[in-house]
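Notes for the structure review
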Amino acid sequence: MVGLSVAIGRFVEALFWAILRVAGGIAAVAVLSALGLAATWMIARKLWRSRRAVRR
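First things first, this report covers the structure right here in the doc. (Residues numbered from 1 in each chain as written. Predicted model: local features only at pLDDT ≥ 70, side-chain atom pairs only at ≥ 80, totals over all residues. Heavy atoms only, no water.)

1. Quick look at the overall build of the chain
Secondary structure summary: the chain contains 1 helix and 0 strands in total. Expected size for 56 residues packed as a compact globule is a radius of gyration near 10 Å; at 24 Å, the chain overshoots this value by more than 25%. Across its three principal directions, the C-alpha atoms of the chain cover 85 × 5 × 5 Å. Split into buried and exposed, the 56 residues of the chain put 0% on the buried side. Carbon and sulfur atoms provide 74% of the accessible area of the chain, an area that totals close to 5,500 Å². (Helix = DSSP H or I, 4+ residues; strand = E, 2+ residues; numbered from the N terminus. Rg over C-alpha atoms; globule rule 2.2 N^0.38 Å. Buried < 20%, exposed > 50% of the residue type's maximum accessible area, 1.4 Å probe, protein only. Areas by Shrake-Rupley, 256 points an atom, 1.4 Å probe, with all protein chains shown as cover.)

Next comes the structure, spelled out in structure tokens:
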């Protein structure tokens with residue numbers, strides 16, 4: 001009976017860590033995507049401003 005309890009406990013622990021690992025990966029992708037989008041936005045804005053300055 002104790003062996004079964006230990007096995008269930010290890011299974012739950014492994015499941016917990018797997019869920020945290022997946023959630024961490026998703027969070028990392030979300031943060032990196034947001035940073036990339038922000039960088040792209042700033043670069044595009046600077047290019048647009050320099051283009052408007054050249055036209056005038």
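2. Things to note about a positive patch on the surface
The grouping of Arg 45, Lys 46, Arg 49 and Arg 52 at the surface amounts to a positive patch. By the element assignment, Lys 46 lies in helix H1 (residues 2-55). (Patch = residues over 30% accessible without salt bridge, like charges linked within 9 Å, V, L, I, M, F, W, Y side chains within 5 Å. Salt bridge = Lys/Arg side-chain N within 4 Å of Asp/Glu carboxyl O. Lys, Arg positive; Asp, Glu negative; His and termini not counted. Charge placed at Lys NZ, Arg CZ, Asp CG, Glu CD.)

3. Let's talk about the packing of aromatic side chains
This model, assessed by the stated rule, comprises 1 aromatic pair. Between Phe 16 and Trp 17 the ring centres are 5.4 Å apart and the planes differ by 70°, which places this aromatic pair in the edge-to-face class. Judged by relative accessible area, which is 47%, Phe 16 ranks as partly exposed. Residue Trp 17 is classed as exposed on the basis of its relative accessible area, which comes to 52%. (Phe/Tyr/Trp six-rings, centres within 6.5 Å; stacked < 30°, edge-to-face > 60°.)

4. Notes on the environment of Arg 21
Inspection of the secondary structure assignment puts Arg 21 in helix H1. Judged by its relative accessible area of 70%, Arg 21 falls in the exposed class.

5. Observations regarding a nonpolar patch on the surface
A cluster of nonpolar residues, Met 1, Leu 4, Ile 8, Phe 11, Val 12, Leu 15 and Ile 19, forms a patch on the protein surface that exposes about 790 Å² of accessible area. Along the chain, Met 1 turns up in the segment before H1. We classify Met 1 as exposed; its relative accessible area is 85%.

The values reported here are purely geometric and, on their own, carry no functional implication.
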